[in-house]
Amino acid sequence: MKRILFTLLSSALLAVVHDAQSVTFRGKVEDVSGTNNLFFVDCTSTQLTSLAFNLNSFVGQQVAITGDWNGSFAAPSVNVTSIAPALETYEIGGGADIGDFSNQSFVAAPGTFAVGLLSLGSSFAPFQGGNGVIFLDPTRVVLTQTGVVGGSGILEIPFFIPNDPALIGIDLIGQGALLSAGAAPLLTNPDCKEIDD
């Protein structure tokens with residue numbers, strides 16, 4: 001499992017070869033309340049802009065995006081050149097209370113191998129080959145989970161949140177990779193929950 005995590009994260013870092021590049025990924029579009037046309041990928045610090053699309057039309061929706069990334073890890077921004085509604089492929093389900101279980105849920109074709117990642121911070125690293133973006137801070141990944149999607153097309157993997165009061169109020173950010181035989185890994189949309197007591 002650690003080898004899979006290392007391969008995913010190192011492939012993402014190797015893909016960053018120049019200051020700006022085209023990226024493709026999934027995520028939910030959110031706006032910033034009280035602002036005029038300020039948009040982000042939900043659960044991340046990645047800003048979205050577009051001269052071609054009115055992003056207000058996509059607020060609250062899961063979408064597939066292609067755009068031009070500004071090359072910044074500290075303040076990532078993507079100018080959206082293509083956007084379309086997409087299915088949610090990953091979710092952190094249940095509560096996020098310390099000392100209790102939550103779960104990572106995946107939606108994919110039966111037989112797909114799923115890798116779930118959780119982190120206490122966000123980042124932005126394009127995945128080699130353009131099949132997504134890793135939105136998790138690789139230095140703060142705290143858990144990995146794997147499994148195979150069953151006949152229903154849904155896989156739920158439970159995970160335990162340590163009973164540590166220092167975690168209360170921290171955002172737990174998750175994302176997954178879906179691997180099918182003969183196909184490049186597909187990175188899911190990110191999701192997040194605030195850890196509670």
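Chemist: Which residues make up the environment of Asn189, and what are the values?
Modeler: Mapped onto the elements of the fold, Asn189 is located in the loop between β14 (186-187) and β15 (191-194). Considered as a pair, Asn189 and Gln175 are 14 residues apart in the sequence and their alpha carbons are 6.3 Å apart. Aside from chain neighbours lying at most four places away, what touches Asn189 is Arg26, Gly27, Gln62, Glu88, Thr89, Tyr90, Gly174 and Gln175. Within the structure, Asn189 has its side chain in polar contact with the backbone nitrogen of Thr89 (distance 2.8 Å).

Chemist: I'd like a rundown of the packing of aromatic side chains, residues and numbers included.
Modeler: Scanning all chains against the criterion turns up 6 aromatic pairs. Consider the rings of Phe25 and Phe135, whose centres lie 5.5 Å apart with planes at 80°: the pair is edge-to-face. Taken together, the residues Phe25 in strand β1 (residues 21-31) and Phe135 in strand β10 (residues 133-136) connect sequence positions 110 residues apart. Using a relative accessible area of 0% as the deciding quantity, one classes Phe135 as buried. Aromatic pair Trp69 and Phe73: ring centres 5.5 Å apart, planes at 70°, arrangement edge-to-face. Connected via pairs of aromatic rings, a cluster forms that spans Phe25, Trp69, Phe73, Phe124 and Phe135.

Chemist: With reference to specific residues and values, describe the pairing of strand β5 (residues 77-85).
Modeler: Of the strand pairs in this sheet, strand β3 (residues 47-49) and β5 are connected by 3 bridges, and their pairing is parallel. If you follow Leu48 over to β5, its bridge partner there is Val78. The pairing of strand β4 (residues 62-69) with β5 spans 7 bridges and is classified as antiparallel. The residue bridging Gly67 from the neighbouring strand is Val80, located in β5.

Chemist: Run through a negative patch on the surface, naming residues and quoting values.
Modeler: Taken together, the side chains of Asp171, Glu194, Asp196 and Asp197 define an acidic patch exposed on the protein surface. In this structure, Asp196 sits in the segment after β15.

Chemist: Please provide a residue-by-residue account of the sheet that holds strand β2 (residues 39-41), values included.
Modeler: Pairing between the strands of a sheet is mediated by backbone hydrogen bonds and can be parallel or antiparallel. Strand order in the closed barrel made by the 5 strands is β1-β2-β3-β5-β4, with mixed pairing throughout. Averaged over all pairs of adjacent strands, the angle between strand axes in this sheet comes to 55°, irrespective of strand direction.

Chemist: Got a sec to walk through the side chain of Asn103? Specific residues and values, please.
Modeler: Summarising the element assignment, Asn103 is placed in strand β7 (residues 100-107). Non-local contacts of Asn103, meaning those with residues more than four positions away in its chain, are made with Glu91, Ile92, Gly93, Glu156, Ile157, Pro158 and Phe159.

Chemist: Tell me about the sheet that holds strand β12 (residues 154-161), and name the residues and values.
Modeler: Here we have 3 strands laid out as an open sheet, ordered β6-β7-β12, and antiparallel in their pairing. This sheet does not close on itself; its edge strands, each paired only once, are β6 (90-93) and β12. Neighbour-to-neighbour, the strand axes of the sheet open up by a mean angle of 20°, direction not taken into account. Where β7 and β12 come together, 8 bridges link them in antiparallel fashion.

Chemist: I'd like a rundown of the environment of Asn79, residues and numbers included.
Modeler: The residue Asn79 is located in strand β5 in this model. Between the C-alpha atoms of Asn79 and Ser50, which are 29 residues apart in sequence, the distance is 5.1 Å. Not counting residues up to four positions away in its chain, the partners in contact with Asn79 are Thr49, Ser50, Leu51, Thr66, Gly67 and Asp68.

Chemist: Explain the state of the cysteines to me, and be specific about the residues and the numbers.
Modeler: Here the structure, examined in full by the defined rule, presents 1 disulfide. The disulfide partner of Cys43 is Cys192, and the gap between their sulfur atoms is 2.1 Å. Across the S-S bond linking Cys43 and Cys192, the dihedral sits near -70°, which makes this disulfide left-handed. Residue Cys43 is found in the loop between β2 and β3, and its partner Cys192 is found in strand β15; the two are separated by 149 residues along the sequence. Judged by its relative accessible area of 13%, Cys43 falls in the buried class. Judged by its relative accessible area of 23%, Cys192 is partly exposed.

What counts and how
Residues numbered from 1 in each chain as written. Predicted model: local features only at pLDDT ≥ 70, side-chain atom pairs only at ≥ 80, totals over all residues. Heavy atoms only, no water. Helix = DSSP H or I, 4+ residues; strand = E, 2+ residues; numbered from the N terminus. Contact = heavy atoms within 4.5 Å. Polar contact = N/O pair within 3.5 Å; in protein donor to acceptor, adjacent residues only side chain to side chain. Phe/Tyr/Trp six-rings, centres within 6.5 Å; stacked < 30°, edge-to-face > 60°. Buried < 20%, exposed > 50% of the residue type's maximum accessible area, 1.4 Å probe, protein only. Pairing = 2+ DSSP bridges. Patch = residues over 30% accessible without salt bridge, like charges linked within 9 Å, V, L, I, M, F, W, Y side chains within 5 Å. Areas by Shrake-Rupley, 256 points an atom, 1.4 Å probe, with all protein chains shown as cover. Salt bridge = Lys/Arg side-chain N within 4 Å of Asp/Glu carboxyl O. Lys, Arg positive; Asp, Glu negative; His and termini not counted. Charge placed at Lys NZ, Arg CZ, Asp CG, Glu CD. Axes fitted to C-alpha atoms, helices over the stretch in contact; angles between N-to-C directions. Disulfide = S-S within 2.5 Å.

Keep in mind these numbers describe shape, not what the thing actually does.
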